[in-house]
Amino acid sequence: MRAFWSRFRQNRGAVIGLIILAIVIICAIAAPFLFPRSPWSMVQRPFLPPFEMDGLPLGTDALGRDVLSGLFHGARVSLLVGLVSTVVALAIGIPIGALAGYYGGLVDDALMRFTEFFQTIPSFALAIVLLAIFQPTLAYVILAIAIVSWPPVARLVRGEVLSLRNREFVEAATLSGQSNLRIILRQVLPNALPPIIVLASLMVATAILLESSLSFLGLGDPNVMSWGYMIGAARTVLRTAWWLSFIPGIAILLTVLALNLIGEGLNDALNPRLRKRTS
Amino acid sequence: MLGFIAARLVKAVFILLAILVLNFVLIHAAPGDPAAVMAGEAGAADEKFLQDLRERFGLDQPFTVQLWNYMKGAIQLDLGFSYRQQMPVAELIWDRLPATLLLTATAFVISIVIGVAAGVLAAQTQGTWWDTLISSLALLFYATPLFWVALMASLLFSVVLGWLPGFGYQTIGANYTGIDRVLDIGKHLILPATTLGLFFTAIYMRMTRASMLEVSRLDFVKTARAKGLRNSVIQRRHVLRNALLPVITLAGLQAGQIVGGAVLTETVFAWPGIGRLMFEAISQRDYNVILGVFFISAAMVLLFNLITDILYGIVDPRIRLTK
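Thresholds, definitions, all that
- Residues numbered from 1 in each chain as written.
- Chains lettered and ligands numbered in written order.
- Predicted model: local features only at pLDDT ≥ 70, side-chain atom pairs only at ≥ 80, totals over all residues.
- UniProt positions renumbered as here; feature names shortened; annotations may be inferred.
- Helix = DSSP H or I, 4+ residues; strand = E, 2+ residues; numbered from the N terminus.
- Buried ≥ 20, exposed ≤ 12 C-beta atoms within 10 Å, placed from the backbone.
- Contact = placed C-beta atoms within 7 Å.
- Domains from an automatic or database assignment.
- Nonpolar A, V, L, I, M, F, W, Y, C, P; charged D, E, K, R; others polar.
- Core = buried A, V, L, I, M, F, W, Y, C linked by C-beta atoms within 7 Å.
- Expected span 1.5 Å × (residues − 1).
- Axes fitted to C-alpha atoms, helices over the stretch in contact; angles between N-to-C directions.
- Parallel < 35°, antiparallel > 145°, perpendicular 65-115°, else oblique.
- Left-handed = near helix turned anticlockwise from the far one by under 90°.
- Bend = angle between axes of the 7 residues up to and from the residue.
- pLDDT = per-residue confidence, 0-100.

As named in an unreviewed UniProt entry, chain B is ABC transporter permease, taken from Marivita cryptomonadis. In UniProt, chain B has this text filed under Sequence similarities (unreviewed entry): "Belongs to the binding-protein-dependent transport system permease family." A UniProt comment under Subcellular location (unreviewed entry) is attached to chain B, and it reads "Cell membrane".

An unreviewed UniProt entry lists chain A under the name ABC transporter permease, with Marivita cryptomonadis given as the organism. Taken from UniProt, the Sequence similarities (unreviewed entry) comment for chain A reads in full: "Belongs to the binding-protein-dependent transport system permease family."

Caption draft 1: Spotlight on the overall build of chain A. Looking only at helices and strands, one finds 12 helices and 0 strands in chain A. Ordering the α and β elements of chain A from the N terminus gives α-α-α-α-α-α-α-α-α-α-α-α. Counting over 279 residues, chain A shows a buried share of 47%. For chain A, long-range pairs separated by at least 24 residues make up 68% of all intrachain contacts whose partners lie at least 6 apart in sequence.

Caption draft 2: Quick peek at the overall build of chain B. Helix and strand content of chain B: 13 helices and 2 strands. Structurally, chain B occupies a C-alpha span of about 85 × 55 × 40 Å along its principal axes. Taking contacts inside chain B between residues at least 6 apart in sequence as the whole, the part at least 24 apart equals 70%.

Caption draft 3: How the structure looks around the UniProt feature "transmembrane region" (unreviewed entry) in chain B. The feature "transmembrane region" (unreviewed entry), as given by UniProt, occupies residues 12–30, 101–125, 137–165, 185–205, 243–269 and 289–315 of chain B in the numbering adopted here. Taken end to end, residues 137–165 of chain B comprises 76% helix and 0% strand; its first and last C-alpha atoms sit 25 Å apart.

Caption draft 4: Structural detail: the interface of chain B and chain A. Opposite the 41 residues of chain B that make contact, chain A presents 33 residues. Those elements that place two or more of their residues in the side of chain B that touches chain A are α1 (2–29), α6 (129–143), α7 (146–160), α8 (178–216), α10 (231–269), α11 (274–284) and α12 (287–315) of chain B. Among the elements that take part in the side of chain B that touches chain A, α12 of chain B stands out by supplying 9 residues, more than any other.

Caption draft 5: Just the domain arrangement of chain B, in detail. All names here are of chain B. Domain annotation for chain B reports domain 1 (2–75) and domain 2 (99–315). Every contact between the two is made by 13 residues of domain 1 and, on the other side, 13 residues of domain 2. For the side of domain 1 that touches domain 2, the element with the most residues is α1, which contributes 10 residues. Of the residues in the side of domain 1 that touches domain 2, the class split is 9 nonpolar, 2 polar and 2 charged.

Caption draft 6: Region of interest: the UniProt feature "domain: ABC transmembrane type-1" (unreviewed entry) in chain A. Per the UniProt record, "domain: ABC transmembrane type-1" (unreviewed entry) is found at residues 75–263 of chain A. Taken end to end, residues 75–263 of chain A comprises 83% helix and 0% strand; its first and last C-alpha atoms sit 19 Å apart.

Caption draft 7: Highlighting the nonpolar core. Counting 162 residues, the largest nonpolar core has Ala127, Ile128, Val129 and Ile145 of chain A together with Met278 and Ile290 of chain B as its most contacted members. Among the elements that make up this core, the one with the highest residue count is helix α9 (residues 180–216) of chain A (17 residues). Here Val129 of chain A is in contact with Leu26, Ile290, Leu291 and Phe294 of chain B, once residues within four sequence places are set aside.

Caption draft 8: Structural view of helix α11 (residues 243–270) of chain A. An ideal rise of 1.5 Å per residue puts 40 Å on 28 residues; α11 of chain A measures up with 40 Å between its terminal C-alpha atoms. Within α11 of chain A, 21 of the 28 residues are buried, leaving the element largely enclosed by the surrounding structure.

Caption draft 9: Examining the packing of helix α5 (residues 123–133) of chain A against α12 of chain B more closely. Where α5 of chain A meets α12 of chain B, the axes come as close as 10 Å, and the angle between the chain directions of the two elements is 165°. When the axis of α5 of chain A is compared with that of α12 of chain B, the two are roughly antiparallel. The way α5 of chain A lies across α12 of chain B gives a crossing that is left-handed. Two secondary-structure elements touch here, α5 of chain A through Ala125, Leu126, Val129, Ala132 and Ile133 of chain A and α12 of chain B through Tyr287, Ile290, Leu291, Phe294 and Ser297 of chain B.

Caption draft 10: Looking closely at unusual backbone geometry. All names here are of chain B. For Ala270, which is not glycine, the phi torsion reads 50° and is therefore positive. Structurally, Ala270 can be placed in the loop between α10 and α11. The class of Ala270 is partly exposed, set by 14 C-beta atoms lying within 10 Å.

Caption draft 11: Highlighting α8 of chain B. Under the 1.5 Å per step criterion, the end-to-end length of α8 of chain B is only 48 Å for 39 residues, more than 12% shorter than the ideal 57 Å. The largest bend in α8 of chain B is about 45°, located at Leu198 of chain B.

Caption draft 12: Structural detail: the environment of Gly93 of chain A. Within the fold, Gly93 of chain A resides in helix α3 (residues 67–103). Ignoring anything within four residues of it in the chain, the contact list for Gly93 of chain A reads Trp150, Pro151, Val153, Ala154 and Val157 of chain A.

Caption draft 13: Representation of the UniProt feature "transmembrane region" (unreviewed entry) in chain A within the structure. All names here are of chain A. Annotation from UniProt places "transmembrane region" (unreviewed entry) at residues 12–35, 77–103, 124–150, 196–220 and 241–262. The span residues 77–103 is 100% helical and 0% strand by assignment, and the distance between its end C-alpha atoms comes to 39 Å. Across residues 196–220 one finds 84% helix and 0% strand; the C-alpha atoms that close the span lie 28 Å apart.

Caption draft 14: The arrangement of the UniProt feature "domain: ABC transmembrane type-1" (unreviewed entry) in chain B in detail. UniProt records the feature "domain: ABC transmembrane type-1" (unreviewed entry) at residues 97–312 of chain B, using the numbering of this structure. Counting secondary structure, residues 97–312 of chain B comes out at 84% helix and 0% strand; the distance between its end C-alpha atoms is 27 Å.

Caption draft 15: Representation of the packing of α9 of chain A against helix α10 (residues 227–234) of chain A within the structure. All names here are of chain A. Between α9 and α10, the least distance of the axes is 7 Å, while the angle of their chain directions is 35°. Read as a crossing pair, α9 and α10 show a hand that is right-handed. In this structure, α9 uses Glu211, Ser212, Ser213, Leu214, Ser215 and Phe216 to contact α10, whose residues at the interface are Trp227, Gly228, Tyr229, Ile231 and Gly232.

Caption draft 16: Representation of the confidence of the model for chain A in the model. Per-chain confidence: chain A averages 87 in pLDDT, with 97% of residues scoring 70 or above. Per-residue pLDDT stays below 50 along residues 275–279 of chain A; that stretch engages in 3 contacts with residues further than four places along the chain or on separate chains.

Caption draft 17: Molecular detail of the confidence of the model for chain B. On average, residues of chain B score 82 in pLDDT, and 91% of them are at 70 or above. Overall fold confidence (pTM) sits at 0.88, and the ipTM for the predicted complex is 0.87.

Caption draft 18: Structural view of the environment of Asp52 of chain B. Residue and element names in this part refer to chain B. Topologically, Asp52 is positioned in helix α3 (residues 47–56). A count of 13 C-beta atoms within 10 Å places Asp52 in the partly exposed class. In the structure, Asp52 is positioned 46 residues away from Ala6 in sequence and 44 Å away in space, judged by C-alpha atoms.

Following this line, the structure appears as structure tokens:
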């Protein structure tokens, strides 16, 4: 662990990413305490520009809602959707990839065709279709994002399992009479963990981008304030109040950038061999 | 080579059929009965109308018969009827498809050309500030939400600077013909295509850079160097050619993303393509249109994939041997 941290720390970008992400997480946690009032409630006249009134540093939107409050509450939604949808995607992708890689043959063929199918169809369009047909509640948004983002997990896990399957320690486990399930869970998967962690950190970033795009199109949960929704709602007043679209976009950009930087740092720290090769 | 293409074609057809089944299942999985869903689109919901719909679309027949009828229709490019627009869905899509093809193909080309060029430059100037600049830009573009950068670009280049049109496909009422019309459309195309391609430009930059550096270390490059070949020849003929292989694979995989991204770009720039059509259909809950666009965009992705597969087969003969 200490070795991991010292390698991670050497990547300056990753440390900056970690700091940004920490700030976003603090905002998300602090939102209900700093802004106990609903981010949907009207607090002042509409279109109050930033830095003009004490207590409303970022001004108000077209309906007189506090932009800063929306930003804080939006951080909760972005992080929640990013994290949970990634967990769900891992829960779909890991078993499929592990089974395909471990058993090979027909099982592999069938599962990989299935994965390929989902990888081929345009994922954003599928997410739109799913949310247009089912009600866009937070749960469905998370599910739709998970459904379109699990295939890379399955492919990665399959590859890792394939390369681990014939190693001595797995053979030893087989000889000692352990069941297949136990071997996969206890021997193979733990060794495949580092690349999965790296991929997962990047997936959280992609999921946040996806969520914001869907909310922008009006396919987010209508009851939660999100950054994508804020931009979508401000789109029609772009000419007169550009900052209403600009500010939430910066929030998305910084959060996604932070997660990508962390992902790279994790990659460097968890796969030291790879780093030597490419630097 | 022919066998290789045939195998890919068969696979593409199977995927298309599977998407049709998925479409069918989705409309039936929607909460409420499909007749009500369709009636909702039409904006009416009295019982007699529902019954008419059920009979007309055979909704009282067994599931498998319905599926069969649906597939038969779809293969003949009958994608249902849009009650909102009072037009067959296939016709609606057909009208708008050229605009989307133009937009996505341009975005695709822009992102590959700029991405590969910048990636090569970064790899050759590794460690200098050029490399730092390009790599940082790639990181930034990669994290930027597509719809937001589209909005900001239209604000900056169209509203503030007034350099480029930020709206539509051509100047309304200008009635240009010939070369003027082409130039006019081209001008309208710059902002949507560049912003749509931005994310992918970033991917190609990073991928090309990494791939170039990776290949440069291989033995055959050392051999070429030992033979006394000039560096520019080595870079172009030996390194770049091999480094481009993973980039081509990636290009095929990204095609789907570009088509999906078109919904956002077309929405922001009022580009009259199928993405914009889908956006309008979302707010109207026009399911037949949504599913139709989904099906056609999947078909487009398969086509792009097929092209990159064939390209790959030409560039790298080894691939043809591994099915």
